[in-house]
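# Structural features, examined
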Amino acid sequence: VQLQASGGGLVQAGGSLRLSCAASGLTFNDYGMGWFRQAPGKEREFVAAISRSGGTTYYVDSVKGRFGISRDNAKNTVYLQMNSLKPEDTAAYYCAARFETYFRGNYGVTDYDYWGQGTKVTVSS
């Protein structure tokens, strides 16, 4: 299984970025997908999750109304649209996959089976 994240970069506060994560080696629509982030010196934290059908999403409070998670099961890809970015959003962003029997939301690191390599997002003030 491979998860390849891309789309990170340097952006000014208030700007937008769209992250992508292309999956291979798994039956994509059997897996719920998530995005996590990890700032330097901090633990990896949950950002957003989407059910395997794409019909249900869940966000950490700090990104609600600014970030949107979506997926294209035909392309085996999950996206994270990030708007109104703030300096505190600066982190490495990781996509992750979990075999889904039900969708709960508010997942932790140990809930996921596979991880991508991370893409760095830097928001300047």
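Quick look at the structure, then. A quick note: this is a predicted structure, and the numbers were derived from the prediction, not measured.

### Looking at the overall build of the chain
Of regular secondary structure, the chain possesses zero helices and eleven strands. Ordered by position from the N terminus, the helices and strands of the chain form the series β-β-β-β-β-β-β-β-β-β-β. The C-alpha atoms of the chain give 13 Å as radius of gyration, which agrees with the globular expectation for 125 residues (14 Å, within 12%). Considering only C-alpha atoms, the chain reaches an extent of 40 × 25 × 25 Å along its principal axes. Residue pairs in contact within the chain that sit at least 24 positions apart in sequence constitute 59% of those at least 6 positions apart. As displayed, the chain offers around 6200 Å² of accessible surface, 44% of which is attributable to carbon and sulfur atoms. Once the 13 positive and 10 negative side-chain charges of the chain are each reduced to a mean point, those two points are 4 Å apart.

### Brief notes about the pairing of strand β11 (residues 119–124)
Residues of β11 alternate between two faces, with Thr119, Val121 and Val123 buried on one and Lys120, Thr122 and Ser124 left unburied on the opposite face. Across three bridges, the pairing between strand β9 (residues 91–99) and β11 is antiparallel. Bridge pairing in β11 links Ala91 to Val121.

### Section: the packing of aromatic side chains
Taken as a whole and judged by the stated rule, the model has nine aromatic pairs. Summarising the aromatic geometry, the rings of Phe103 and Tyr107 are spaced 5.7 Å apart at their centres and angled 80° between planes, so their arrangement reads as edge-to-face. The exposure class of Tyr107 is buried, given its relative accessible area of 3%. Seen from their ring centres, Tyr112 and Trp115 are 6.1 Å apart, and the 65° between their planes marks the pair as edge-to-face. For Trp115, a relative accessible area of 27% translates into the label partly exposed. Connected via pairs of aromatic rings, a cluster forms that spans Phe36, Phe46, Tyr58, Phe103, Tyr107, Tyr112 and Trp115.

### Points about unusual backbone geometry
Positive phi, normally seen in glycine, also occurs at Asn76, with a value near 55°. Along the polypeptide, Asn76 turns up in the loop between β7 (67–72) and β8 (77–82). Positioned with a positive phi, Ser84 is a non-glycine residue whose angle comes to about 50°. Take Ser84: it is sitting in the loop between β8 and β9. Residue Ser84 is classed as partly exposed on the basis of its relative accessible area, which comes to 41%.

### A short note on the pattern of salt bridges
Going through the model one piece at a time under the given rule, you end up with six salt bridges. A salt bridge links Asp30 to Arg52; the nearest nitrogen and oxygen atoms lie 3.6 Å apart. Note that Asp30 is positioned in the loop between β3 (17–24) and β4 (31–38) and Arg52 in the loop between β5 (45–50) and β6 (57–59), a separation of 22 residues in sequence.

What counts as what
- Residues numbered from 1 in each chain as written.
- Predicted model: local features only at pLDDT ≥ 70, side-chain atom pairs only at ≥ 80, totals over all residues.
- Heavy atoms only, no water.
- Helix = DSSP H or I, 4+ residues; strand = E, 2+ residues; numbered from the N terminus.
- Rg over C-alpha atoms; globule rule 2.2 N^0.38 Å.
- Contact = heavy atoms within 4.5 Å.
- Areas by Shrake-Rupley, 256 points an atom, 1.4 Å probe, with all protein chains shown as cover.
- Lys, Arg positive; Asp, Glu negative; His and termini not counted.
- Charge placed at Lys NZ, Arg CZ, Asp CG, Glu CD.
- Buried < 20%, exposed > 50% of the residue type's maximum accessible area, 1.4 Å probe, protein only.
- Pairing = 2+ DSSP bridges.
- Phe/Tyr/Trp six-rings, centres within 6.5 Å; stacked < 30°, edge-to-face > 60°.
- Salt bridge = Lys/Arg side-chain N within 4 Å of Asp/Glu carboxyl O.

Geometric descriptors of this kind do not, in isolation, establish any biological role.
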